Amino acid sequence: MSANYKRVLIKLSGEALMGDLDYGIDTNMLKRVATEITEVVNMGIEVALVIGGGNIFRGAGLVASGIDRVTGDHMGMLATVMNSLAMQDALEKQGMNCRVLSAIKINRMCEEYVQRRATRHLEKGRIVIFAAGIGNPFFTTDTAGCLRAVEVSADVVFKATKVDGVYDADPMKNPDAVRYESLTFDEVLDKNIQVMDATAIVLCRDNDLPLRIFNLNERGALPAAMKDITIGTTVNRGVIK
């Protein structure tokens, strides 16, 4: 089977990089993810990434402890830059060309995000990592990932999780939970299914940008999902009657 996509955006949580650790970055996990991303690129697919920062700082948790919301979110943005630089290093060790583009100016470490620049990097076959969210507080990295995907005209957003799709209940707690093969954006919103935050879902719906939710912990799932639509759960507009 040939790849189904020309350009994809992969959304990773910061926690995905922790592996078996309680905090920070597991270099073995980092290498494994970089290897799978390299496989995707070698299929001829252009790849963009957005990585959260929850393995280092989580803005919501900081706010709960008494830190100002804006300050906490700014700290979270910096955590995403740290994760992005780590992933860039891991990908370069795989022989990949990679650029980190930040929504906040950190010119000594990475490039500033410019939509045309990002698109050009992708066209040249470089992996692009979007860091620092959208550069504003009160927006999640899920929303940032969907926004950047729309801006660079990605075919789909792949969201990496710890389970193999979206279920009608928590499969970790309920063995009878049923996995959805597909959902519409409106079903996700109406049923309050926790796929992404509502802002991200609406952004995808309004721009007809499909989502794929898959299990990153299953080795090989990421490159396999590029060819096999049955891997994970697809969220899209559905059939318009």
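Please read all numbers here as calculations on a predicted model, not as lab measurements. (Residues numbered from 1 in each chain as written. Predicted model: local features only at pLDDT ≥ 70, side-chain atom pairs only at ≥ 80, totals over all residues. Heavy atoms only, no water.)

**Looking at the packing of aromatic side chains**
This model, assessed by the stated rule, comprises three aromatic pairs. Consider the rings of tyrosine 5 and phenylalanine 158, whose centres lie 5.6 Å apart with planes at 85 degrees: the pair is edge-to-face. Taken together, the positions of tyrosine 5 in the segment before strand 1 (7-12) and phenylalanine 158 in strand 6 (residues 156-161) put the pair 153 residues apart, joining distant regions of the chain. Under the relative-accessibility criterion, phenylalanine 158 is labelled buried at 0%. (Phe/Tyr/Trp six-rings, centres within 6.5 Å; stacked < 30°, edge-to-face > 60°. Helix = DSSP H or I, 4+ residues; strand = E, 2+ residues; numbered from the N terminus. Buried < 20%, exposed > 50% of the residue type's maximum accessible area, 1.4 Å probe, protein only.)

**Digging into the side chain of arginine 212**
For arginine 212, the position within the fold is in strand 10 (residues 211-215). Here the side chain of arginine 212 touches tyrosine 5 through a polar contact of 2.8 Å, side chain to side chain. There is a polar contact of 3.1 Å between the side chain of arginine 212 and the backbone oxygen of aspartate 228. Setting aside its immediate chain neighbours within four residues, arginine 212 contacts Tyr5, Val156, Val157, Phe158, Lys159, Ala225, Asp228, Ile229, Ile231, Thr233 and Thr234. (Polar contact = N/O pair within 3.5 Å; in protein donor to acceptor, adjacent residues only side chain to side chain. Contact = heavy atoms within 4.5 Å.)

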